[in-house]
Amino acid sequence: NDKWDTFWSLGGDWVISNESWLSGNDFLRFLKVKGSYGTTGDENGVGFFTGVNTFNPSLLGNEAAIRPRTFEDPNLTWERASQWQVGAEFSLGSFLDGVIDYYQKDTENLIFERRVSPSTGVAVIVTNDGELRNSGLEFDMNFHLVNTQDVTLDLSVNGAVYDNEITVMPLDPETGEPALFQNVGAYGYEQGRSIFDFYMREYAGVDPADGYPMWYEYYDDINSNGVLDPGEELRNNEGVPDGSLTPYVNANPDANIQRTVTKTYANSTELYINKSSIPDLAGAFRLAGKFGNFNVNMQFTYSMGGYAYDSQYAELMHDNNGGILATNRHKDVRSRWRQPGDITSVPLIADRVIPNINSQSSRFITKTDFIALNNILVGYDLPRKVLGKSGIDMVNIYASGDNLFISSAREGFNPQTSQTGNSGRGLYAPLTTITVGARLKF
């Protein structure tokens, strides 16, 4: 009949199709609309002694004592995520097969390290707190460019656009209400923002006069004279100088925020630098072809629009000239400041005279744009007349290579080695391998 058929499949997927409607349609040859909904749990990040306080033996005044090791939340439970997804699979003529999916995943009861009063002897407690939303659009398109008896050529392109948002912030232990802001490592957490938004000091370059590094210091220009005067530094609720911009603006929405440069790292200001680890688009594309008895497959991976903190590069840009702590340097130190008037972003080599010269700042934020040759395979089918009556139906001789090439923002920087693209010690690039072999079919 001409009615749409609806049925459920395993896993909660639902599919709507109509073969009668598609019959005789030379352009839209296949269409499947699908959707699903489900819930999952996750205990990743929970230690071995969940819900149990632990202690270590110690000494106090030469007497045996017990000191806290960890405090645990006895009500700690799994994270709970609910996800829905809709999508479509289709074929257009004989030249395109495609899949498009959109999903949204909401996770609550996040396993979270909450700061507690240091007077307890324990810095953090693992608990359930906050809610997070992940969503994205994914696509996979397979174009049939050439399709003849002797030559075929297909181009497959897939990609994904991701989004991440904190929908409910963890509780602030001091107020019992959702926190307005939290600084977690190199990132800032705030409702409506991603957990991958960088929050750190902003590099202002090198002073051409003396080669010293500079950072930006923000202040509340109370008298509107454009100069940082005493008492205009950013301060917390207790009146103590605190170089973090977002909490100050939250508490003082009418502040007249201005900035100046400083050569003292400790005086510079932490803030959102408006860069995220989440790329605008990431995926892969593949070429697959057959030319007579030869077959070729190439797969490339790519990413564009994201940023990472290249901490390995930061470590190699040190200014330690000698001693047991001396290590290799990156070749970019050749661009360092050497004499008054030099314009460069690399400070002078001062042999540890300048404090925090390569400490965390936007100086070491690097684009994660890359394209990599993930795999290439070239094969050849021996002609059947060569096989004769050997009893072998097919022999394919091939050579294959994995991870042969990558082009990124900086030579040696491979954003694929971590989820966020950040670099560091103990993160190694995928091995380059070359394989030669033969496949036989009897």
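The structure this text deals with has already been given above.
Right, let's walk through the structure included here. Because the structure is predicted, anything quoted here is derived from the model rather than measured.

### Points about the overall build of the protein
- A tally of regular secondary structure across the protein gives four helices and 25 strands.
- Whereas a compact globule of 442 residues would reach a radius of gyration of roughly 22 Å, the protein reaches 29 Å, over 25% beyond that.
- Referenced to the eigenvectors of the C-alpha coordinate spread, the extents of the protein come out at roughly 90 × 60 × 60 Å.
- Relative to its 442 residues, the protein shows a buried fraction of 37%.
- Accessible surface computed for the protein: about 26,000 Å², of which carbon and sulfur atoms make up 53%.
- The protein carries 34 positive and 55 negative side-chain charges, and their two centres are separated by 11 Å.

### Things to note about the pairing of strand E11 (residues 151-168)
- Pairing geometry for strand E10 (residues 131-147) and E11, over 16 bridges, is antiparallel. When the sheet's bridge partners are listed, Asn-142 is paired in E11 with Ser-156.
- What sits between the antiparallel neighbours E10 and E11 is a turn of three residues.
- As paired elements, E11 and strand E19 (residues 281-291) share 10 bridges and run antiparallel to each other. The residue of E19 that forms the bridge with Val-157 is Phe-285.

### Thoughts on the packing of aromatic side chains
- In total, this model carries 12 aromatic pairs according to the counting rule given.
- Both rings, one in Tyr-187 and one in Phe-196, keep their centres 6.2 Å apart while their planes meet at 90°; by these two values the pair is edge-to-face. Accessibility classification places Tyr-187 together with Phe-196 in one group, the buried group.
- A ring pair is formed by Phe-285 and Tyr-302, whose centres lie 6.3 Å apart and whose planes are at 40°; its orientation type is tilted. Here Phe-285, found in strand E19, pairs with Tyr-302, found in strand E20 (residues 294-304); they are 17 residues apart in sequence, far enough to count as distant.

### Things to note about the sheet that holds strand E16 (residues 213-220)
- Spatially, E15-E16-E17 is the arrangement adopted by the three strands of the open sheet, whose pairing is antiparallel. Strands with a single pairing partner mark the edges of an open sheet, and in this sheet they are strand E15 (203-206) and strand E17 (257-262). With direction set aside, neighbouring strand axes in the sheet form an average angle of 35°.
- Inspection of the sheet shows E16 paired to E17 by six bridges, in the antiparallel sense. Residue pairing for E17: Tyr-219 is matched across the bridge by Gln-258.

### Notes on the environment of Asn-256
- Tracing the backbone through its elements, the reader meets Asn-256 in the loop between helix H2 (245-251) and E17.
- Residues Asn-256 and Pro-347, 91 residues apart in the sequence, show an inter-C-alpha distance of 31 Å.
- Residues in contact with Asn-256, not counting those within four places in the same chain, are Tyr-219, Asp-220, Asp-221 and Ser-224.
- There is a polar contact of 3.4 Å between the side chain of Asn-256 and the side chain of Ser-224.
- A polar atom in the side chain of Asn-256 sits 3.0 Å from the side chain of Gln-258.

### Examining the pairing of strand E5 (residues 63-70)
- Judged by how many residues are buried, E5 sits mostly at the surface: zero of eight residues are covered.
- Across seven bridges, strand E4 (residues 54-60) lies against E5 in antiparallel orientation. Looking across to E5, one finds that Ser-58 is bridged to Ala-65.

### Quick word on the nonpolar core
- Counting residues in each nonpolar core, the largest one holds 24 residues, and the members touching the most others are Tyr-189, Phe-198, Met-200, Tyr-309 and Ile-365.
- Broken down by secondary-structure element, the contributors of at least two residues to this core are strand E13 (187-189), strand E14 (197-201), strand E21 (307-309) and helix H3 (311-316).
- Leave out the neighbours within four places in its chain, and Met-200 touches Ala-186, Thr-269, Glu-270, Leu-271, Ile-273, Tyr-309, Gln-360, Ser-361, Ser-362 and Ile-365.
- Within the second largest apolar cluster, 11 residues are counted, among which are Tyr-199, Ala-204, Tyr-216 and Leu-234.

### Remarks on the environment of Thr-417
- If you trace the backbone, Thr-417 turns up in the loop between strand E24 (394-408) and strand E25 (433-441).
- When its relative accessible area of 22% is taken as the criterion, Thr-417 is described as partly exposed.
- Note: C-alpha distance between Thr-417 and Arg-329 (88 residues apart in sequence) is 21 Å.
- Discounting residues that sit within four places of it in the chain, Thr-417 has contacts with Asn-422, Leu-427, Tyr-428 and Ala-429.
- At 3.1 Å, the side chain of Thr-417 forms a polar contact with the backbone oxygen of Asn-414.

### Overview of the pattern of salt bridges
- Per the stated rule, a full pass over the model turns up 15 salt bridges.
- Of the charged contacts, one joins Arg-201 and Glu-270 as a salt bridge, the two residues approaching to 3.9 Å between their closest N and O atoms. Within this pair, whereas Arg-201 is found in strand E14, its partner Glu-270 is found in strand E18 (residues 270-276), the two being separated by 69 residues in sequence.
- Taking the relative accessible area as the measure of exposure, Arg-201 reaches 16% and is therefore buried.
- Between Arg-410 and Asp-310 there is a salt bridge, with the nearest N and O atoms lying 2.7 Å from each other. A residue pair is termed long-range when its members are at least 10 positions apart, and Arg-410 in the loop between E24 and E25 and Asp-310 in the loop between E21 and H3 qualify at 100 residues.
- Residues joined by salt bridges that share partners form a network here, namely Lys-32, Lys-34, Glu-89 and Asp-101.

The rules behind each value
- Residues numbered from 1 in each chain as written.
- Predicted model: local features only at pLDDT ≥ 70, side-chain atom pairs only at ≥ 80, totals over all residues.
- Heavy atoms only, no water.
- Helix = DSSP H or I, 4+ residues; strand = E, 2+ residues; numbered from the N terminus.
- Rg over C-alpha atoms; globule rule 2.2 N^0.38 Å.
- Buried < 20%, exposed > 50% of the residue type's maximum accessible area, 1.4 Å probe, protein only.
- Areas by Shrake-Rupley, 256 points an atom, 1.4 Å probe, with all protein chains shown as cover.
- Lys, Arg positive; Asp, Glu negative; His and termini not counted.
- Charge placed at Lys NZ, Arg CZ, Asp CG, Glu CD.
- Pairing = 2+ DSSP bridges.
- Phe/Tyr/Trp six-rings, centres within 6.5 Å; stacked < 30°, edge-to-face > 60°.
- Axes fitted to C-alpha atoms, helices over the stretch in contact; angles between N-to-C directions.
- Contact = heavy atoms within 4.5 Å.
- Polar contact = N/O pair within 3.5 Å; in protein donor to acceptor, adjacent residues only side chain to side chain.
- Core = buried A, V, L, I, M, F, W, Y, C linked by side-chain atoms within 4.5 Å.
- Salt bridge = Lys/Arg side-chain N within 4 Å of Asp/Glu carboxyl O.

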